[in-house]
Each structure stands twice: as C-alpha cells, then as structure tokens.
Amino acid sequence: MSEEAELFIHKLQAELTHIVEQIGRQHTDIISQQQMSDYLGVLIDSLKYFHERGDYKRMAYDLCNAINFLPSAFPIK
C-alpha cells in the first residue's frame, strides 16, 4: 500500500471510530447495540477480504459508505 493510500485509510478509520463511539454513547439499548455489532462485523470481514487482495480503493469505499450510512441509521447529536 502506498503511504498516501495508507494515510487515507487510517484517516477514514479514525473518523468511523469517532462516529461509532458517539453512536454507542447515545444508542444504549440492546437492539441498537446488536445491530451495530452485526454491521461492524460484516464491515470488518469486508475490509479484511479487500486488504488481503490489496484493493485499497474498495476499502476506502466501504469505510466512506459506513461513515455516511451509520449516522443516518443511528442519528447522533
């Protein structure tokens, strides 16, 4: 992975982590927690798959999609 691509992926991961932390603080019910866990499990599997294949553009796509999707599925203030 190029240094530029690695930095971009790291930036997206940090942004997603921040969003997940906010959602976790605001959506404490068991159903929301389970849905988040399921979603993140699928995302992690996808990221592992594309990382093994060196497809960093797809990793960035998946991370951007999660960053855009999660706040609409779990509104945060």
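Parameters and conventions
Residues numbered from 1 in each chain as written. Predicted model: local features only at pLDDT ≥ 70, side-chain atom pairs only at ≥ 80, totals over all residues. Heavy atoms only, no water. Helix = DSSP H or I, 4+ residues; strand = E, 2+ residues; numbered from the N terminus. Expected span 1.5 Å × (residues − 1). Buried < 20%, exposed > 50% of the residue type's maximum accessible area, 1.4 Å probe, protein only. Contact = heavy atoms within 4.5 Å. Core = buried A, V, L, I, M, F, W, Y, C linked by side-chain atoms within 4.5 Å. Salt bridge = Lys/Arg side-chain N within 4 Å of Asp/Glu carboxyl O. Phe/Tyr/Trp six-rings, centres within 6.5 Å; stacked < 30°, edge-to-face > 60°. Axes fitted to C-alpha atoms, helices over the stretch in contact; angles between N-to-C directions. Parallel < 35°, antiparallel > 145°, perpendicular 65-115°, else oblique. Left-handed = near helix turned anticlockwise from the far one by under 90°. Nonpolar A, V, L, I, M, F, W, Y, C, P; charged D, E, K, R; others polar.

Asker: Explain helix 1 (residues 3-26) to me, and be specific about the residues and the numbers.
Answerer: Compared with the 34 Å implied by 1.5 Å per residue over 24 residues, the 35 Å span of helix 1 between its first and last C-alpha is a close match. Ile9, Leu12, Leu16, Ile19, Gln22 and Ile23 are the residues of helix 1 that are buried. If you follow the buried residues of helix 1, they end up packed against helix 2 (30-52) and helix 3 (56-73).

Asker: Mind laying out the environment of glutamate 4, listing which residues take part and the relevant values?
Answerer: Looking at the secondary structure, you find glutamate 4 in helix 1. In this structure, the C-alpha to C-alpha distance between glutamate 4 and proline 71, residues 67 residues apart in sequence, is 27 Å.

Asker: I'd like to hear about the nonpolar core, residue by residue, with values.
Answerer: Grouped together as the largest cluster of nonpolar side chains are 17 residues, with contacts concentrated most on Leu16, Ile23, Met36, Leu43, Leu63 and Leu70. Only helix 1, helix 2 and helix 3 provide two or more residues apiece to this core. The element best represented in this core is helix 3, accounting for 6 residues. Those residues in contact with leucine 63, other than ones at most four positions away along the chain, are Ile9, Leu12, Gln13, Leu16 and Leu47.

Asker: An account of the pattern of salt bridges is requested, with residue identities and associated values reported.
Answerer: One pass over the full model with this rule turns up 2 salt bridges. Across the pair arginine 53 and glutamate 52 runs a salt bridge, and its minimum N-O distance is 3.4 Å. Its relative accessible area of 48% is what places arginine 53 among the partly exposed residues. A relative accessible area of 64% means that glutamate 52 is categorised as exposed. Two residues, arginine 58 and aspartate 62, come together in a salt bridge whose shortest N-O distance is 2.8 Å. Linking arginine 58 with aspartate 62, this pair stays in helix 3, spanning 4 residues, or about one helical turn. The class for arginine 58 is partly exposed, based on a relative accessible area of 34%.

Asker: An account of the packing of aromatic side chains is needed here, citing residue identities and associated values.
Answerer: Using the criterion set out here, one finds 2 aromatic pairs in the structure. Seen in terms of ring centroids, tyrosine 49 and phenylalanine 50 are 5.0 Å apart; in terms of plane orientation they differ by 85°. Their pairing is edge-to-face. Taking relative accessible area as the criterion, phenylalanine 50 reaches 15% and is therefore assigned buried.

Asker: Which residues make up the packing of helix 1 against helix 2, and what are the values?
Answerer: Contact pair helix 1 / helix 2: the axes reach a minimum separation of 11 Å and the direction vectors enclose 165°. One way to sum up the angle between helix 1 and helix 2 is to call them roughly antiparallel. Note that helix 1 runs across helix 2; the crossing there is left-handed. Across the interface between the two elements, Leu16, Val20, Ile23 and Gly24 from helix 1 touch Gln33, Met36, Leu40 and Leu43 from helix 2. Looking at the contact of helix 1 with helix 2 residue by residue, the class counts come to 6 nonpolar, 2 polar and no charged.

Such coordinate-based values are descriptive only and should not be taken to indicate function.
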